[in-house]
Amino acid sequence: MWTRRGFLRVGGALGAAAWIGKGSGSLKAVEAASAAAADRTPEDVAQDEFYWREIQEAFTLDRTLINLNNGNTCPSPRVVHEACKRYMDMSNMLPVHYRSQAESHLQTVRRGLAKEFGCDEDEIALTRNASESLQIVQMGLDLKPGDEVITTEQDYPRMLTTWDQRMRRDKIKVTRIQFPVPTTADDLYSRFERAITPQTRVFHFCHITNLTGQLFPVQRLSRLARSKGIVTVVDGAHAIAHFPFKLHELECDYYGVSLHKWLLAPIGNGMLYVRRENIPKLWPMQAVPERQMNSIRKFEAIGTYPTAIRASVAEALAFHQAIGADRKAARLRYLTMRWANELKKNPRVKILSSLEPGQTWGLAMVGIDGVDTRALSQFMMDRYRIVINAVVGGQPPAQVFDYTGLRVTPNVYTTLQEIDTFVDAMQDALKNGVAASNTRGRTGAD
Ligand SMILES: Cc1ncc(COP(=O)(O)O)c(C=O)c1O
């Protein structure tokens, strides 16, 4: 909320002079705002609209639309987008020269990512997206007929498809376990534990799912797996740069992410983490000479690609760090709790994500009893210009789940007014219903 107290607090801490000349919305301005807030808790800053105004200014958005589908892809801040354009222009001057120069500088990007997300730079490969990262692992593991992969019915459709293809091609066995939402870490742990057989070689699960944001106990599952000689493949598409954690602390074997989601990097960026001792054992998707088999760079050998997109991850990382992982997570949670606390008062509203602290940040699902979810998402667009994803129960071979709702994914640039408009729209739907005019929403989510 824009309060006088908030204004005085920010104004007093920073001093008007510090704001002048920083260029509102610039990286410097964001850094200055964060420096001024350094002695306050992330939860306190999460409620300070003067601080978040500075972040909102850093984006070039179409504010005639309210984007609550940041879970698909997010706009990059201006500083990132401009860097990308600059690298594109530079590369185009003489691609063979500048492209390879940019490529050799990518070590800075890897080093920055490794430091921020808690691993070593020679354990991460830059990829084009989470699909590529995870498929490198799924296709690259040596598995023989009869070997079993345990995954869940609510894992990402493309990743399930990849295992299904290996099942058809290599005669492996794929077991998908189901779970209710929201559920607990203990429940998820025991479902995996019970599913283990002597043939189990792989656990594949999301850090948080793309549907309801269900959080998995990655470290506990990784320890369980390792104690039984099972490897862990973790889908972190929605986790990295969304809430704070360190990769080494998860203790998993493989971790694939998108950087064009919560890190706000340009579209076409992903990352693969491979625990050091696994690197020689995992085949790359595109072949490399034998001498490269021990190097993490073998996973980056994909031929010619746009280095500009990759190079500008450095700016996205700088922007993420300028806000600070804790402040960002606290703000995303604050935005979620703002709509959830209001809507949960109505008994017809079903919130399918845990609202407990440490479980949910900027991705949560809500449905209304008796209201068709696809029609609801269409209503959101038609009446309120809200872009939001309808999630409707899927069937095999895709994800399988029996719930339905809107997946609500705000971002650091989302205003309280936008969240309140969503609440108003839901209240309107609860009171007046929605015309099931057409079905713009679709099964599943991104
Ligand atoms: C859980 C999950 N895994 C994997 C992916 C694939 O990500 P990408 O589109 O970056 O390849 C997504 C995309 O939405 C996802 O939500």
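Structure shown above.
Residues numbered from 1 in each chain as written. Predicted model: local features only at pLDDT ≥ 70, side-chain atom pairs only at ≥ 80, totals over all residues. Heavy atoms only, no water.

Enquirer: Lay out the overall build of the protein with the relevant residues and their values.
Expert: Summing up its helical and strand segments, the protein has 17 helices and 13 strands in all. In terms of C-alpha radius of gyration, the protein reaches 22 Å, essentially the compact-globule figure of 22 Å for 446 residues. Taken along the three principal axes of its C-alpha coordinates, the protein extends 65 × 55 × 40 Å. In the protein, which comprises 446 residues, the proportion classed as buried is 57%. (Helix = DSSP H or I, 4+ residues; strand = E, 2+ residues; numbered from the N terminus. Rg over C-alpha atoms; globule rule 2.2 N^0.38 Å. Buried < 20%, exposed > 50% of the residue type's maximum accessible area, 1.4 Å probe, protein only.)

Enquirer: Tell me about the site of the ligand, and please be specific about residues and values.
Expert: By nearness alone, 13 residues border the ligand, and Ser131, Asp235, Ser258, Lys261 and Asp446 come closest of all. One of the side-chain nitrogen or oxygen atoms of serine 131 is found 2.5 Å away from an oxygen atom of the ligand. The separation between a nitrogen atom of the ligand and a polar side-chain atom of aspartate 235 is 2.6 Å. Here the ligand, which alone exposes 390 Å², has 93% of that area covered by the protein. Of the residues belonging to the shell around the ligand, the class tally is four nonpolar, six polar and three charged. (Near = heavy atom within 4 Å. Polar contact = N/O pair within 3.5 Å; in protein donor to acceptor, adjacent residues only side chain to side chain. Areas by Shrake-Rupley, 256 points an atom, 1.4 Å probe, with all protein chains shown as cover. Nonpolar A, V, L, I, M, F, W, Y, C, P; charged D, E, K, R; others polar.)

Enquirer: Provide a residue-level description of the nonpolar core, including the pertinent values.
Expert: In terms of nonpolar packing, the biggest core is built from 59 residues, with Leu113, Phe203, Leu247, Tyr255, Leu259 and Leu263 touching the most fellow members. When residues in this core are grouped by element, the largest group, five residues, is from helix H7 (residues 95-117). Here phenylalanine 203 is in contact with Ile150, Phe192, Ile196, Leu221, Leu224, Ala225, Ile230, Val231, Thr232 and Val233, once residues within four sequence places are set aside. In this structure, Leu343, Val366, Leu430 and Val434 belong to the second largest nonpolar core, which totals 35 residues. (Core = buried A, V, L, I, M, F, W, Y, C linked by side-chain atoms within 4.5 Å. Contact = heavy atoms within 4.5 Å.)

Enquirer: An account of the sheet that holds strand S10 (residues 364-368) is needed here, citing residue identities and associated values.
Expert: Overall, antiparallel pairing links the four strands, which are arranged S9-S10-S13-S12 in an open sheet. Both edges of this open sheet fall to strand S9 (349-351) and strand S12 (389-392), since each of them pairs with a single strand only. Averaged over all pairs of adjacent strands, the angle between their axes in this sheet comes to 30°, without regard to strand direction. Judged from the three bridges that link them, S9 and S10 form a sheet pairing that is antiparallel. (Pairing = 2+ DSSP bridges. Axes fitted to C-alpha atoms, helices over the stretch in contact; angles between N-to-C directions.)

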